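# Residue-level structure breakdown
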Amino acid sequence: MSAQADRRYLTGALLLIVGFMAVEVVIGFIARSLALISDAGHMLTDAAAIVFAMVAMRIAARPPQGGFTYGLKRAEIISAQINGITLLLLSAYFVYEGVQRLITPPDVAGVYMVATGMAGIVVNLAATWLLSKANRSSLNVEGAFQHILNDLFAFIATTVAGVVVWLTGWGRADAIAALVVAALMLKAGWGLVRDSGRVFMEAAPAGMNPAEIGQKAAALEHVTEVHDLHVWEVTSGYASLSAHILVRPGADCHAVRKAAERLMREEYGIDHTTLQVDHAPKDLLPATDAQRHCTDPHGPIHRAGDPLPGRA
(Lines give C-alpha, C1' and ligand atoms only; values in the text may rest on other atoms or scores of the structure.)
Protein backbone atom coordinates (compact mmCIF):
# COMPACT_ATOMS: atom_id res chain seq x y z
CA MET A 1 0.00 0.00 0.00
CA SER A 2 1.37 3.44 -0.96
CA ALA A 3 2.05 6.26 1.47
CA GLN A 4 -0.20 8.48 -0.68
CA ALA A 5 -3.15 6.11 -0.14
CA ASP A 6 -2.43 6.07 3.60
CA ARG A 7 -2.50 9.87 3.67
CA ARG A 8 -5.91 9.91 1.94
CA TYR A 9 -7.36 7.56 4.56
CA LEU A 10 -5.84 9.63 7.37
CA THR A 11 -7.20 12.87 5.89
CA GLY A 12 -10.72 11.45 5.61
CA ALA A 13 -10.63 10.29 9.23
CA LEU A 14 -9.29 13.68 10.36
CA LEU A 15 -12.16 15.58 8.75
CA LEU A 16 -14.73 13.33 10.41
CA ILE A 17 -13.10 13.62 13.83
CA VAL A 18 -12.62 17.40 13.86
CA GLY A 19 -16.17 18.11 12.67
CA PHE A 20 -17.80 15.92 15.29
CA MET A 21 -15.45 17.02 18.09
CA ALA A 22 -16.61 20.62 17.82
CA VAL A 23 -20.25 19.53 18.20
CA GLU A 24 -19.49 17.23 21.13
CA VAL A 25 -17.68 19.88 23.18
CA VAL A 26 -20.74 22.13 23.06
CA ILE A 27 -23.18 19.34 23.95
CA GLY A 28 -20.89 18.03 26.71
CA PHE A 29 -20.97 21.37 28.53
CA ILE A 30 -24.73 21.72 28.06
CA ALA A 31 -25.33 18.22 29.44
CA ARG A 32 -22.64 18.58 32.15
CA SER A 33 -21.38 15.14 31.14
CA LEU A 34 -17.78 14.20 31.98
CA ALA A 35 -18.06 11.18 29.72
CA LEU A 36 -18.94 13.41 26.75
CA ILE A 37 -16.23 15.94 27.57
CA SER A 38 -13.69 13.13 28.04
CA ASP A 39 -14.73 11.77 24.64
CA ALA A 40 -14.23 15.22 23.12
CA GLY A 41 -10.82 15.51 24.77
CA HIS A 42 -9.92 12.13 23.42
CA MET A 43 -11.11 13.19 19.96
CA LEU A 44 -8.82 16.22 20.16
CA THR A 45 -5.90 13.85 20.72
CA ASP A 46 -7.28 11.70 17.89
CA ALA A 47 -7.05 14.69 15.56
CA ALA A 48 -3.55 15.53 16.83
CA ALA A 49 -2.51 11.89 16.45
CA ILE A 50 -3.62 11.86 12.82
CA VAL A 51 -1.85 15.17 12.13
CA PHE A 52 1.34 13.87 13.76
CA ALA A 53 1.08 10.69 11.71
CA MET A 54 0.68 12.60 8.44
CA VAL A 55 3.57 14.95 9.20
CA ALA A 56 5.77 12.03 10.27
CA MET A 57 4.98 10.18 7.03
CA ARG A 58 6.14 13.15 4.97
CA ILE A 59 9.31 13.60 7.03
CA ALA A 60 10.11 9.87 6.93
CA ALA A 61 9.81 9.85 3.13
CA ARG A 62 12.77 12.21 2.75
CA PRO A 63 15.89 10.54 1.31
CA PRO A 64 19.06 10.01 3.40
CA GLN A 65 21.34 13.04 3.41
CA GLY A 66 24.03 14.67 5.52
CA GLY A 67 24.38 13.11 8.94
CA PHE A 68 21.05 11.25 8.67
CA THR A 69 22.36 8.19 6.87
CA TYR A 70 19.08 6.28 7.31
CA GLY A 71 17.03 9.33 6.38
CA LEU A 72 14.36 10.46 8.84
CA LYS A 73 12.41 7.21 9.00
CA ARG A 74 12.38 7.20 12.79
CA ALA A 75 10.14 10.29 12.75
CA GLU A 76 7.27 7.80 12.54
CA ILE A 77 8.42 6.19 15.80
CA ILE A 78 8.56 9.61 17.48
CA SER A 79 4.96 10.15 16.36
CA ALA A 80 3.92 6.78 17.79
CA GLN A 81 5.64 7.61 21.09
CA ILE A 82 3.86 10.98 21.31
CA ASN A 83 0.52 9.30 20.64
CA GLY A 84 1.20 6.72 23.35
CA ILE A 85 2.22 9.33 25.92
CA THR A 86 -0.85 11.47 25.25
CA LEU A 87 -3.07 8.44 25.81
CA LEU A 88 -1.34 7.75 29.15
CA LEU A 89 -1.68 11.38 30.27
CA LEU A 90 -5.34 11.51 29.28
CA SER A 91 -6.06 8.26 31.11
CA ALA A 92 -4.50 9.68 34.29
CA TYR A 93 -6.60 12.85 34.02
CA PHE A 94 -9.87 11.02 33.45
CA VAL A 95 -9.18 8.58 36.28
CA TYR A 96 -8.78 11.57 38.61
CA GLU A 97 -11.93 13.30 37.33
CA GLY A 98 -13.90 10.07 37.29
CA VAL A 99 -13.09 9.31 40.92
CA GLN A 100 -14.07 12.85 41.90
CA ARG A 101 -17.44 12.43 40.21
CA LEU A 102 -17.98 9.06 41.82
CA ILE A 103 -17.64 10.77 45.18
CA THR A 104 -19.74 13.81 44.26
CA PRO A 105 -21.85 13.06 41.17
CA PRO A 106 -23.29 16.10 39.33
CA ASP A 107 -26.61 16.26 37.54
CA VAL A 108 -26.13 14.79 34.07
CA ALA A 109 -28.51 15.07 31.11
CA GLY A 110 -28.76 11.45 30.00
CA VAL A 111 -30.70 12.16 26.80
CA TYR A 112 -27.87 14.33 25.47
CA MET A 113 -25.37 11.60 26.30
CA VAL A 114 -27.36 8.97 24.41
CA ALA A 115 -27.93 11.12 21.31
CA THR A 116 -24.32 12.30 21.12
CA GLY A 117 -22.93 8.88 21.96
CA MET A 118 -24.86 7.20 19.16
CA ALA A 119 -23.77 9.85 16.67
CA GLY A 120 -20.16 9.41 17.88
CA ILE A 121 -20.35 5.66 17.32
CA VAL A 122 -21.32 6.23 13.69
CA VAL A 123 -18.58 8.82 13.11
CA ASN A 124 -15.89 6.72 14.78
CA LEU A 125 -16.94 3.56 12.97
CA ALA A 126 -16.39 5.43 9.71
CA ALA A 127 -13.02 6.83 10.88
CA THR A 128 -11.90 3.44 12.21
CA TRP A 129 -12.82 1.81 8.91
CA LEU A 130 -10.77 4.38 6.99
CA LEU A 131 -7.69 3.90 9.17
CA SER A 132 -8.03 0.10 9.11
CA LYS A 133 -7.43 0.29 5.36
CA ALA A 134 -4.08 2.08 5.88
CA ASN A 135 -0.80 0.26 6.56
CA ARG A 136 -1.10 -0.66 10.25
CA SER A 137 2.27 -2.45 10.27
CA SER A 138 3.64 1.08 10.76
CA LEU A 139 3.65 2.05 14.45
CA ASN A 140 2.91 5.58 13.27
CA VAL A 141 -0.37 4.58 11.61
CA GLU A 142 -1.13 2.11 14.41
CA GLY A 143 -0.83 4.95 16.94
CA ALA A 144 -3.48 6.98 15.12
CA PHE A 145 -5.65 3.88 14.70
CA GLN A 146 -5.50 3.08 18.43
CA HIS A 147 -6.62 6.62 19.25
CA ILE A 148 -9.65 6.29 16.98
CA LEU A 149 -10.49 2.75 18.09
CA ASN A 150 -10.38 3.74 21.75
CA ASP A 151 -12.65 6.67 20.99
CA LEU A 152 -15.14 4.26 19.43
CA PHE A 153 -15.10 2.20 22.62
CA ALA A 154 -15.50 5.42 24.60
CA PHE A 155 -18.65 6.38 22.70
CA ILE A 156 -20.13 2.94 23.28
CA ALA A 157 -19.46 3.33 27.03
CA THR A 158 -20.90 6.85 26.97
CA THR A 159 -24.08 5.70 25.23
CA VAL A 160 -24.61 2.90 27.74
CA ALA A 161 -24.01 5.31 30.61
CA GLY A 162 -26.43 7.81 29.06
CA VAL A 163 -29.17 5.18 28.87
CA VAL A 164 -28.63 4.35 32.57
CA VAL A 165 -28.72 8.03 33.58
CA TRP A 166 -31.75 8.72 31.40
CA LEU A 167 -33.80 5.79 32.68
CA THR A 168 -32.70 5.66 36.34
CA GLY A 169 -31.21 9.06 37.14
CA TRP A 170 -28.07 7.39 38.54
CA GLY A 171 -25.43 10.05 37.72
CA ARG A 172 -22.46 7.93 38.77
CA ALA A 173 -22.87 5.89 35.56
CA ASP A 174 -21.29 8.84 33.73
CA ALA A 175 -18.17 8.66 35.93
CA ILE A 176 -17.95 4.88 35.54
CA ALA A 177 -18.06 5.26 31.75
CA ALA A 178 -15.22 7.79 31.94
CA LEU A 179 -13.16 5.33 34.04
CA VAL A 180 -13.77 2.58 31.47
CA VAL A 181 -12.53 4.94 28.75
CA ALA A 182 -9.47 5.76 30.88
CA ALA A 183 -8.66 2.05 31.29
CA LEU A 184 -8.82 1.52 27.52
CA MET A 185 -6.59 4.56 26.96
CA LEU A 186 -4.08 3.24 29.48
CA LYS A 187 -3.85 -0.14 27.75
CA ALA A 188 -3.43 1.30 24.25
CA GLY A 189 -1.03 4.04 25.39
CA TRP A 190 1.23 1.62 27.23
CA GLY A 191 1.37 -0.67 24.19
CA LEU A 192 2.47 2.19 21.92
CA VAL A 193 5.07 3.52 24.39
CA ARG A 194 6.46 0.01 24.93
CA ASP A 195 6.71 -0.87 21.22
CA SER A 196 8.16 2.48 20.16
CA GLY A 197 10.55 2.32 23.12
CA ARG A 198 11.92 -0.98 21.80
CA VAL A 199 12.76 0.74 18.52
CA PHE A 200 14.46 3.67 20.28
CA MET A 201 16.49 1.26 22.41
CA GLU A 202 17.51 -0.60 19.24
CA ALA A 203 16.10 -3.90 20.45
CA ALA A 204 15.61 -6.74 17.99
CA PRO A 205 12.18 -6.73 16.31
CA ALA A 206 9.53 -8.45 18.43
CA GLY A 207 9.51 -12.20 17.81
CA MET A 208 12.99 -12.21 16.28
CA ASN A 209 15.64 -14.16 18.23
CA PRO A 210 19.20 -12.86 17.58
CA ALA A 211 20.73 -15.98 19.15
CA GLU A 212 18.81 -18.17 16.71
CA ILE A 213 19.91 -16.00 13.78
CA GLY A 214 23.54 -16.24 14.90
CA GLN A 215 23.43 -20.01 15.25
CA LYS A 216 21.78 -20.49 11.86
CA ALA A 217 24.37 -18.24 10.23
CA ALA A 218 27.14 -20.20 11.99
CA ALA A 219 25.65 -23.43 10.61
CA LEU A 220 26.12 -22.27 7.00
CA GLU A 221 28.69 -24.18 4.95
CA HIS A 222 32.33 -23.12 5.55
CA VAL A 223 31.36 -20.80 8.46
CA THR A 224 33.34 -21.38 11.67
CA GLU A 225 32.09 -18.49 13.79
CA VAL A 226 29.70 -15.54 13.93
CA HIS A 227 30.11 -12.71 16.43
CA ASP A 228 29.31 -9.00 16.86
CA LEU A 229 25.80 -9.81 15.64
CA HIS A 230 23.38 -6.86 15.94
CA VAL A 231 19.73 -6.79 14.87
CA TRP A 232 17.59 -3.67 15.29
CA GLU A 233 14.71 -1.71 13.76
CA VAL A 234 15.30 1.62 12.04
CA THR A 235 11.53 2.09 12.03
CA SER A 236 8.59 -0.27 12.24
CA GLY A 237 8.87 -2.95 9.56
CA TYR A 238 12.43 -1.97 8.60
CA ALA A 239 14.93 -4.30 10.30
CA SER A 240 18.71 -4.06 9.90
CA LEU A 241 21.46 -6.53 10.75
CA SER A 242 25.23 -6.43 10.99
CA ALA A 243 27.63 -9.25 11.89
CA HIS A 244 31.23 -10.45 11.67
CA ILE A 245 31.49 -13.89 10.05
CA LEU A 246 34.62 -16.06 10.02
CA VAL A 247 35.03 -18.79 7.41
CA ARG A 248 37.48 -21.64 6.97
CA PRO A 249 40.83 -20.76 5.38
CA GLY A 250 40.54 -21.04 1.61
CA ALA A 251 36.73 -20.77 1.54
CA ASP A 252 34.99 -18.31 -0.80
CA CYS A 253 34.09 -15.31 1.39
CA HIS A 254 31.89 -13.81 -1.32
CA ALA A 255 29.81 -16.99 -1.64
CA VAL A 256 29.40 -17.22 2.15
CA ARG A 257 28.26 -13.59 2.32
CA LYS A 258 25.65 -14.19 -0.37
CA ALA A 259 24.41 -17.31 1.44
CA ALA A 260 24.14 -15.37 4.72
CA GLU A 261 22.27 -12.52 3.01
CA ARG A 262 19.86 -15.02 1.46
CA LEU A 263 19.29 -16.62 4.89
CA MET A 264 18.48 -13.25 6.47
CA ARG A 265 16.18 -12.23 3.64
CA GLU A 266 14.25 -15.47 3.15
CA GLU A 267 13.89 -16.67 6.76
CA TYR A 268 13.75 -13.38 8.66
CA GLY A 269 12.70 -10.75 6.12
CA ILE A 270 15.85 -8.65 6.75
CA ASP A 271 16.87 -6.93 3.51
CA HIS A 272 19.35 -4.43 4.96
CA THR A 273 22.46 -6.35 6.08
CA THR A 274 26.07 -5.33 6.67
CA LEU A 275 28.29 -8.42 6.87
CA GLN A 276 32.03 -8.49 7.43
CA VAL A 277 33.30 -11.87 6.20
CA ASP A 278 36.93 -12.89 6.90
CA HIS A 279 39.03 -16.04 6.84
CA ALA A 280 39.63 -17.47 10.30
CA PRO A 281 43.36 -17.58 11.21
CA LYS A 282 44.73 -21.09 11.55
CA ASP A 283 45.96 -20.46 15.10
CA LEU A 284 42.59 -19.13 16.35
CA LEU A 285 41.96 -19.99 20.02
CA PRO A 286 38.26 -20.51 20.84
CA ALA A 287 38.37 -18.45 24.03
CA THR A 288 39.81 -15.37 22.36
CA ASP A 289 38.20 -15.34 18.91
CA ALA A 290 36.23 -12.13 19.12
CA GLN A 291 38.96 -10.30 21.02
CA ARG A 292 41.53 -11.21 18.35
CA HIS A 293 39.29 -9.99 15.53
CA CYS A 294 37.35 -7.06 16.97
CA THR A 295 38.60 -4.06 18.92
CA ASP A 296 35.34 -3.79 20.85
CA PRO A 297 33.47 -7.15 20.66
CA HIS A 298 29.79 -7.32 21.64
CA GLY A 299 27.44 -10.16 22.38
CA PRO A 300 27.85 -13.93 22.32
CA ILE A 301 29.97 -15.98 19.92
CA HIS A 302 28.11 -18.44 17.68
CA ARG A 303 29.94 -21.46 16.25
CA ALA A 304 29.05 -24.20 13.82
CA GLY A 305 27.78 -27.27 15.63
CA ASP A 306 26.31 -25.45 18.59
CA PRO A 307 22.63 -26.35 19.22
CA LEU A 308 20.02 -23.96 17.90
CA PRO A 309 18.19 -22.06 20.68
CA GLY A 310 14.42 -22.03 20.95
CA ARG A 311 12.43 -19.24 19.39
CA ALA A 312 11.90 -16.02 21.38
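Residues numbered from 1 in each chain as written. Predicted model: local features only at pLDDT ≥ 70, side-chain atom pairs only at ≥ 80, totals over all residues. Heavy atoms only, no water.

### Digging into the overall build of the protein
Here is the rule: The secondary structure listing takes helices from DSSP runs of H or I that are at least 4 residues long and strands from runs of E that are at least 2 residues long, numbered from the N terminus. The buried label applies to any residue whose accessible area, calculated with a 1.4 Å probe on protein chains only, is under 20% of its type's maximum; exposed applies above 50%, and partly exposed to all values in between. Note that accessible areas follow from Shrake-Rupley with a 1.4 Å probe, and for residues the cover is restricted to the protein chains shown.
Tallying secondary structure elements over the protein gives nine helices and four strands in all. The linear arrangement of helices and strands in the protein, starting from the amino end, is α-α-α-α-α-α-α-β-β-α-β-α-β. When burial is assessed residue by residue, the protein has 48% of its 312 residues classed as buried. Roughly 15100 Å² of accessible area belongs to the protein as shown, and the carbon and sulfur atoms make up 63% of that amount.

### A word on the confidence of the model for the protein
Convention followed: Per residue, pLDDT measures the predictor's confidence, with a range of 0 to 100.
Per-residue confidence for the protein gives a mean pLDDT of 83, with 89% of residues at or over 70. Across the protein, element-level confidence peaks in helix α8 (residues 253-268) with a mean pLDDT of 95 and bottoms out in helix α9 (residues 289-293) with 55.

### A closer look at the side chain of Asn-83
What counts here: Should any heavy atoms of two residues lie within 4.5 Å, those residues are counted as being in contact.
Summarising the element assignment, Asn-83 is placed in helix α3 (residues 75-103). When sequence neighbours within four positions are dropped, the list of residues in contact with Asn-83 reads Ala-49, Phe-52, Asn-140, Gly-143, Ala-144, His-147 and Leu-192.

### Quick word on the packing of helix α7 (residues 210-218) against α8
Applied cut-off: A fitted line through C-alpha atoms represents every axis, and for helices the fit uses only the stretch in contact; the resulting angles, taken between N-to-C directions, go from 0 to 180 degrees. Orientation labels follow simple angle bins: below 35 degrees gives roughly parallel, above 145 gives roughly antiparallel, 65 to 115 gives roughly perpendicular, and whatever is left gives oblique. Handedness of each helix crossing follows the sense of rotation of the near helix against the far helix: counterclockwise by less than a right angle gives left-handed, clockwise gives right-handed. Nonpolar residues are Ala, Val, Leu, Ile, Met, Phe, Trp, Tyr, Cys and Pro. Charged residues are Asp, Glu, Lys and Arg, and all others, Gly as well, are polar.
Following both chains from N to C, one finds α7 and α8 inclined at 135°, their axes separated by 10 Å at the closest point. In this view, α7 runs oblique relative to α8, as classed from their interaxial angle. Remark: the crossing between α7 and α8 carries right-handed chirality. Each of Glu-212, Ile-213, Lys-216 and Ala-217 in α7 lies in contact with α8, whose residues at this interface are Leu-263, Met-264, Glu-267 and Tyr-268. Residue composition of the contact of α7 with α8, by class: five nonpolar, no polar and three charged.

### Considerations on the nonpolar core
Where we set the bar: Residues belong to a common nonpolar core when they are buried Ala, Val, Leu, Ile, Met, Phe, Trp, Tyr or Cys residues joined through side-chain atoms within 4.5 Å.
Counting 25 residues, the largest nonpolar core has Ile-213, Val-231, Leu-241, Ile-245, Val-247 and Ile-270 as the members making the most contacts within it. Going through the elements one at a time, α7, β1 (223-235), β2 (238-247), α8 and β3 (272-279) are the ones with two or more residues in this core. Counting residues per element, this core draws most heavily on α8, which supplies six residues. Dropping the residues within four chain positions of it, Ile-270 is found in contact with Met-208, Ile-213, Val-231, Ala-239, Ser-240, Leu-241, Met-264 and Arg-265. Leu-10, Leu-14, Met-43 and Ala-127 belong to the second largest nonpolar core, which has 22 residues in total.

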